[in-house]
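# Structural features, examined
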Amino acid sequence: MTDIPLIQADRLHALMDAFIAHGGEADGGMHRLTLSAEDGAARDHLAAWMKTQGMVVTVDCMGNMVGLLDWAGPDGPVVMTGSHLDSQPHGGRYDGAYGVLAACEAVQSVRDGMIAQGIAPRCNLAIVDWTNEEGARFQPSLLGSAVYAGLLDADDARSRQDGDGVTVAQALGAIGYDGSTTFPKPQAYVELHVECNTVLEREGARFGAITRHWGAVKYRLAFIGRQAHTGPTPMEDRQDALLGAAQLIAALGAMPGRAEGTLYTSVGRLEVRPNSPNVVPGEAVLFLELRSPDQALIDWAETEMLAQADIAAKATRTRHETRYIDRRGVGFFDEGLIALATTEAAALGLVTRRLDTIAAHDAICMIHVCPSVVINVPSIGGVCHHPSERTSPEDLTLGAELLARMLWRLCEEGLAA
């Protein structure tokens, strides 16, 4: 097998620095909500870069962007890599965007190296930027990749509204990314990501491959009471929706201690109406989630959560209703791609740590399309979704190098039947 040339670290970091202009904040954070003006500018930047590399850029009805390096011929199999450019509100600069920009450097390095060595590639390469991976502006998360994988209806997804009533379709049109081209399905998908956890750092490891993703159930659950004056309304007459929500939040916090296994619970968003200091809330909407590596435990937690909601509603003379449910089962990534990652890491003298992912990645949807895997480099302190999110420059370079090595092998040797 041919020796694989190194990526150009300076070029990688310069590209990453250039994208900070699109939503970067003074405290080191990133505010680039999906389909916002900042996201539109980042997409324009990415599309321009792809075109300078001779890639064909396509955009589908969800705004998913794909740049294709069609160098193995129109009938050649496609290996796709990438992630997402959107961020959480005032989040970090590496979550998602690193996977897209490292893919750019990896693909460019593989192309240039194979051309220089006269190697005929056996696979085409594609870089993808998925729409609304974060789920911060539109719900659910993984919206773009879920439609691409056939897990969610496109018309349904395009009709989803943000907090201001703007639909996905309207937001796509506003930034000029309401496309219509359907990109063919790839034969393999590799996603590079910062770990967003502490396992690698804690164990002194520099590289990991995700073997399993946890399951999750996400609810939008509303408590409905009666709006009233906080002054003269007697306590015994109040139907306080926020009090009901608060009791359920407390119950959720106690559930992991009673679970027979590992369970994570949270409420990350709460919408209170009318949200006035002198008004007993008439409605409180919780965005809650349950996560576990054990599907049976997730099922138990969902039943228990609803039972606790009944108890909270009865205690506060309110009622609750479910507005939306998103369920994601426990799943596993491709062992063949994990083996490839392990081999290429070993060539650099590294041991590959097999990992779980608790957070969602677009590769979870891509499992339903083709062999898929997520590879990780460490997050300093495990921090993610926060302005202080960081990964060392050396580990950022390493991740891009390992991605390039995987792409090189796939292009040099082809995909197994």
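Now for a description of the structure that goes with this document. Bear in mind the structure is a predicted one, so any value in this text is a computation, not a measurement.

### What about helix α3 (residues 97–116)?
Its 20 residues place the ends of α3 29 Å apart at the C-alpha level, agreeing with the 28 Å of an ideal helix rising 1.5 Å per residue. The buried count for α3 comes to 17 of 20 residues, which makes it a mostly enclosed element. Of the residues trailing α3, glycine 118 is marked for its positive phi of about 70°.

### Section: the nonpolar core
One finds Met80, Tyr98 and Leu125 to be the most contacted residues of the largest nonpolar core, which totals 99 residues. Beyond its immediate sequence surroundings of up to four residues, tyrosine 98 is in contact with Met16, Ala103, Leu192, His193, Val194, Val377, Asp395, Leu396, Gly399 and Ala400. Counting 22 residues, the second-largest nonpolar core is a separate cluster that includes Leu221, Leu252, Leu286 and Leu290.

### Some remarks on the side chain of glutamate 105
Looking at the element boundaries, glutamate 105 is found in helix α3. What glutamate 105 contacts, discounting residues up to four positions off in sequence, is Ile7, Gln8, Arg11 and Leu12.

### Describing the state of the cysteines
The full count for this structure, using the stated rule, is 1 disulfide. Note that cysteine 196 is cross-linked by a disulfide to cysteine 384, the S-S spacing being 2.3 Å. Separated by 188 residues along the polypeptide, cysteine 196 in the loop between β5 (188–194) and α7 (199–203) and cysteine 384 in the loop between β15 (372–377) and α12 (393–413) bring together distant segments of the chain. The thiol sulfur of cysteine 370 is not disulfide-bonded, and the nearest other cysteine sulfur, from cysteine 365, lies at 12 Å. Overall, cysteine 370 belongs to the buried group, its relative accessible area being 6%. Of the cysteine sulfurs around cysteine 411, a residue in no disulfide, the closest is that of cysteine 123, at 5.3 Å. In this structure cysteine 411 comes out as buried when scored by relative accessible area, which is 0%.

### What to know about the packing of aromatic side chains
Tallying each qualifying case throughout the model produces 3 aromatic pairs. Through successive ring pairs, a cluster of aromatic residues spans Trp130, Tyr148 and Tyr189. A cation over a ring is seen here: arginine 43 above tyrosine 177, with NZ or CZ 5.2 Å from the ring centre. The ring of tyrosine 148 is capped by lysine 185, whose NZ or CZ atom sits 3.7 Å from the centre of that ring.

### Details of the pattern of salt bridges
If you walk through the whole model with that rule in mind, you get 23 salt bridges. Among the salt bridges present, the one from arginine 43 reaches aspartate 39, with a minimum N-O distance of 3.1 Å. Of this pair, arginine 43 and aspartate 39 both sit in helix α2 (residues 37–52), 4 residues apart, which is roughly one turn of the helix. Overall, arginine 43 belongs to the buried group, its relative accessible area being 1%. Residue arginine 409 is joined to glutamate 412 by a salt bridge in which the shortest nitrogen-to-oxygen separation is 3.2 Å. Of the two residues, arginine 409 and glutamate 412 are both situated in helix α12; the distance of 3 residues between them amounts to about one turn of the helix. Shared partners join several salt bridges into a network, and the residues in it are Arg269, Glu271, Arg273, Glu283, Arg319, Glu321 and Arg323.

What counts, and where the lines are drawn
- Residues numbered from 1 in each chain as written.
- Predicted model: local features only at pLDDT ≥ 70, side-chain atom pairs only at ≥ 80, totals over all residues.
- Heavy atoms only, no water.
- Helix = DSSP H or I, 4+ residues; strand = E, 2+ residues; numbered from the N terminus.
- Expected span 1.5 Å × (residues − 1).
- Buried < 20%, exposed > 50% of the residue type's maximum accessible area, 1.4 Å probe, protein only.
- Core = buried A, V, L, I, M, F, W, Y, C linked by side-chain atoms within 4.5 Å.
- Contact = heavy atoms within 4.5 Å.
- Disulfide = S-S within 2.5 Å.
- Phe/Tyr/Trp six-rings, centres within 6.5 Å; stacked < 30°, edge-to-face > 60°.
- Lys NZ or Arg CZ within 6 Å of the ring centre and 35° of its normal.
- Salt bridge = Lys/Arg side-chain N within 4 Å of Asp/Glu carboxyl O.

Without other data, these values stay purely geometric and don't point to any function.
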